[in-house]
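Residue-level listing of the chains:
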Amino acid sequence: MTTRLTVAQALVRFLAAQYTERDGERRRLFGATWGIFGHGNVAGLGQALVEYADVMPYHQGRNEQSMVHAAVGYARQSNRLSTHAVTTSIGPGATNLVTGAALATVNHLPVLLLPGDVFATRPADPVLQQLEVPYAGDVSVNDALRPVSRYFDRVMRPEALIPAALQAVRVLTDPVETGAVTLALPQDVQAEAYDWPDDFFAERTWTVRRPGADPAELAGAVELLRAARRPLVVAGGGVHHSRAEEALAAFAGATGIPVASTQAGKGSLRYDHPQDVGAIGHTGTATADDLARTADLVIGVGTRWTDFTTASGTLFAHPDVRFLNLNIASFDGHKLSGTPLVADARSGLEALTEALLVHGHRVADSYVAEYGADKARWERRVDACYAAEEPDARPTQPQVLGALDALVDESDVVINAAGSLPGDLHKLWRARSRDQYHLEYGYSCMGYEIPAAIGVKLAAPERNVWALVGDGTYLMMPTEIVTAVQEGVAIKVLLLQNHGYASIGGLSEETGGERYGTAYRYRAADGTFSGEPLPVDLAANAASLGMRVLRARTVRELRAALAEARAADTPTCVYVETETADTVSGAPPAQAWWDVPVAETATRPSAVKARELYERHVSTRRRHL
């Protein structure tokens, strides 16, 4: 039996019939489709979404990149078992997807991109917005999505949709391969009819696998663990993707091994778990980084070992340090010349715990006492950063976080991605649940927070969802506030005004750049941006987009505004002015280095001094072989 439909109609019906299943939980793979329509998709996918609005919900976006961020936020909150599709027209609508696609792929989060494309039949060449490539007639701007997609196909004939769609879903539901998937759809093909086999529209359930460890690899891992005297776990985002938090807590509790966390892995253990020693790496705690420097075995669980985690190869300083990498991806399992344990994080941790319990293995009590005391000292530093002795003074950035920290409970979700906030949050935030801390730091994309908050709220409407943004990030992408207002998605935006790029300003100063071009100020007589702060009123801007705005000038007012916002059932913004961009945030300084190359030759004293310091740090870097 067949049904005659357009390609776009067939695709929407197919997507609506896809499901995932893991651990007995079955849910729709595609919860909705985001779209901005133009001539490249309005008569194809636009019409199909109208045709099948009863089976495929639609969300109207304002910026194509933002739509991808919203889909990614939804996918992460849904444990990668459900996501959204995103459709755009050809030309700039399609190329606006690239940044969002890169973010999704870097973070291993599934999202389906459906950009329109030029005519497959080429009745007129070029068409509006077509990029002509003289040496290749089969290239369009959508080819820019190839390197940032885990799977890419251009559907040039109706019947080609069947294998393309099946491959797309295979990749989206593969815990190793998942990321952005692109099906480029020529606008004439979208509207073309075809007789589709009805089996194409039958419900399909895709099992999200939990592969177990190879017995030989498991035996080798157990041997390494039993021989270690100062082991340290580094928990990455794979712990959350696998829902391995309870397995990690059981492993840590049974063995006494301390657990540090990357940005993506923070919250793998609650902050008050005895084995949780906080953030690791350049934005880490003194407790975790000191343990890393003396660890003889580092067990990476679901981490990609980025430079922020390894302090650009300078952190793990023990002369005989070895790495054991529990990761579902073999590619990551072999990093740092580590011993791979290729398995799902939950399955692997459960197997390790069981094997070690047979031997009654546990680290020395003196080691537990050592890191326990260091953890307590760090918590006192956090208390000091959060404390506000003058409640009627303007808050520092850590005091803003402290006010929020005192208000929320484990049901709240805090979202951030870029600027100086990720470092402060990684060091200071006290994660109370597995998914309270939502930092996108794989791509550290300014503008992610507000649309991602919408996606998270759509996935978990019962949760209080906070988007924490600085002024630089806000100016990048505030447009989806309109979407939140339109659909009544009651996100909370905590907007911090510090008049510039605080994070990059600090980095510029450290590396000899003298904060050049990082402040939002008038141009002074010497040509630099060092005049008075710009009279930009971001609170008024948010209000003009339809959001309720609460202004807070002091710590006392901030506490009241945050409480009012948390209780609100409409999109609400809390606006507070903190330190200016040329002052420090007040958080503890970096406890480990990060490699940003400094000019090798320069005449300005700041750069000369920065280069001297840089060379001292570089001399401590090692390759783990």
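You'll find the structure just up there.
Residues numbered from 1 in each chain as written. Predicted model: local features only at pLDDT ≥ 70, side-chain atom pairs only at ≥ 80, totals over all residues. Heavy atoms only, no water.

Visitor: How would you summarise the pattern of salt bridges if you had to cite specific residues and measurements?
Guide: Opposite charge on two side chains makes pairing possible when the charged atoms of those side chains draw close. The final tally for this structure, using the stated rule, is 38 salt bridges. In this structure, the salt-bridge partner of D23 is R210, at a minimum N-O distance of 2.7 Å. Highlighted residues: D23 in the loop between β2 (18–22) and β3 (25–28) and R210 in the loop between β11 (204–207) and α8 (215–227), separated in sequence by 187 residues. On the basis of relative accessibility, which here comes to 51%, the residue D23 falls in the exposed class. Between D143 and R154 there is a salt bridge, with its nearest N and O atoms 2.7 Å apart. Here D143, found in the loop between β7 (111–117) and β8 (151–154), pairs with R154, found in strand β8; they are 11 residues apart in sequence, far enough to count as distant. For D143, a relative accessible area of 18% puts it in the buried group. What emerges from the salt-bridge pattern is a single network uniting R243, E245, R434, D435 and R463. (Salt bridge = Lys/Arg side-chain N within 4 Å of Asp/Glu carboxyl O. Helix = DSSP H or I, 4+ residues; strand = E, 2+ residues; numbered from the N terminus. Buried < 20%, exposed > 50% of the residue type's maximum accessible area, 1.4 Å probe, protein only.)

Visitor: So what about the packing of helix α1 (residues 7–16) against helix α2 (residues 42–51)? Which residues, and what values?
Guide: The interhelical angle for the contact between α1 and α2, taken along N-to-C directions, is 50 degrees, at an axis separation of 8 Å. Taken together, α1 and α2 sit at an angle that is classed as oblique. Along this stretch, α1 crosses α2, giving a crossing that reads as right-handed. Each of A8, Q9, L11 and V12 in α1 lies in contact with α2, whose residues at this interface are G44, L45, Q47, A48, L49 and E51. Grouping the amino acids of the contact of α1 with α2 by side-chain chemistry returns six nonpolar, three polar and one charged. (Axes fitted to C-alpha atoms, helices over the stretch in contact; angles between N-to-C directions. Parallel < 35°, antiparallel > 145°, perpendicular 65-115°, else oblique. Left-handed = near helix turned anticlockwise from the far one by under 90°. Contact = heavy atoms within 4.5 Å. Nonpolar A, V, L, I, M, F, W, Y, C, P; charged D, E, K, R; others polar.)

Visitor: Residues and numbers for α1, please.
Guide: The element α1 is largely enclosed, with a buried count of nine among its 10 residues. Those residues of α1 that sit buried are V7, A8, Q9, A10, L11, V12, F14, L15 and A16.

Visitor: Quick one: what's the story with the sheet that holds strand β20 (residues 465–470), residue by residue and with numbers?
Guide: Spatially, six strands are ordered β19-β18-β20-β21-β23-β22 in an open sheet, and the strand pairing comes out parallel. Both outer strands of the open sheet, β19 (437–439) and β22 (548–552), are each paired with one neighbouring strand and no more. Neighbouring strand axes in the sheet, compared pairwise and without regard to direction, differ in orientation by 20 degrees on average. (Pairing = 2+ DSSP bridges.)

Visitor: Would you mind going over the sheet that holds strand β13 (residues 259–261) in detail, with residue names and values included?
Guide: Pairing is parallel across the open sheet formed by six strands, whose spatial order is β14-β13-β12-β15-β16-β17. In this open sheet, the two edge strands, each paired with only one partner strand, are β14 (276–279) and β17 (339–342). Going from strand to strand, the sheet's axes swing by 20 degrees on average, the running direction of each strand aside. With three bridges connecting them, strand β12 (residues 231–235) and β13 associate as parallel partners. What sits directly across from V233, in β13, is V259.

Visitor: Break down the nonpolar core for me, citing the residues and quoting the values.
Guide: Ranked by size, the top nonpolar core spans 48 residues in total, and within it L225, I280 and F316 carry the most contacts. Ranked by residue count, the leading element in this core is helix α14 (residues 345–359), at five residues. For F316, the residues in contact, after removing those within four places along its chain, are I280, A292, V298, W305, T309, T310, V321, F323, R622 and H624. Counting 47 residues, the second-largest nonpolar core is a separate cluster that includes I36, V413, I415 and A542. (Core = buried A, V, L, I, M, F, W, Y, C linked by side-chain atoms within 4.5 Å.)

Visitor: I'd like to hear about the state of the cysteines, residue by residue, with values.
Guide: The final tally for this structure, using the stated rule, is zero disulfides. Residue C573 stays outside any disulfide, its sulfur separated by 20 Å from that of C445, the closest cysteine. (Disulfide = S-S within 2.5 Å.)

Visitor: Please give an account of the pairing of β12 that cites residues and values.
Guide: With five of its five residues buried, β12 lies for the most part within the structure. Burial along β12 is two-sided: the face carrying P231, V233 and A235 and the face carrying L232 and V234 are both buried. One ladder, built from five bridges, connects β12 with strand β15 (residues 297–301); its direction is parallel. Note on β15: the bridge partner recorded for V234 is G300.

Visitor: Tell me about the packing of aromatic side chains, and please be specific about residues and values.
Guide: Counted under the stated rule, the structure contains 13 aromatic pairs. Where F37 meets Y58, the ring centres are 5.5 Å apart and the plane angle is 20 degrees; that geometry is what we call stacked. With F37 in the loop between β4 (30–35) and α2 and Y58 in strand β5 (residues 58–60), the pair connects residues that are 21 residues apart, well separated along the chain. One aromatic cluster is present, formed by F14, Y194, W196, F200 and F201 through successive ring pairs. In this arrangement the basic side chain of R13 is found over the ring face of F201, its NZ or CZ atom lying 4.3 Å from the centre. Note that R551 overlies the ring of Y575, its terminal NZ or CZ placed 5.7 Å from the centroid. (Phe/Tyr/Trp six-rings, centres within 6.5 Å; stacked < 30°, edge-to-face > 60°. Lys NZ or Arg CZ within 6 Å of the ring centre and 35° of its normal.)

Visitor: Mind laying out unusual backbone geometry, listing which residues take part and the relevant values?
Guide: With omega at 10 degrees, the peptide bond leading from D125 into P126 counts as cis. With respect to the helices and strands, the residue P126 is situated in the loop between β7 and β8. In this structure, N79 is a non-glycine residue whose phi angle is positive, near 60 degrees. With respect to the helices and strands, N79 occurs in the loop between α3 (64–77) and β6 (83–88). Since its relative accessible area comes to 9%, N79 is described here as buried. Look at R515: it is not a glycine, yet its phi comes out positive at around 60 degrees. Its place among the elements puts R515 in the loop between α21 (502–510) and α22 (538–544).

Visitor: I'd like to hear about the side chain of S140, residue by residue, with values.
Guide: Along the polypeptide, S140 turns up in the loop between β7 and β8. What makes S140 buried here is its relative accessible area of 6%. Only 2.9 Å separates the side chain of S140 from the side chain of D117, close enough to count as a polar contact. When residues no more than four places from it in sequence are discounted, the contact partners of S140 are D117 and R154. (Polar contact = N/O pair within 3.5 Å; in protein donor to acceptor, adjacent residues only side chain to side chain.)

Visitor: A description of the side chain of D344 should follow, citing residues and the corresponding values.
Guide: Within the secondary structure, D344 is located in the loop between β17 and α14. Here R346 takes part through its backbone nitrogen, which lies 3.0 Å from a polar atom of the side chain of D344. Once residues lying within four places of it in the same chain are set aside, the contact partners of D344 are R210, P211, S242, L326 and I328.

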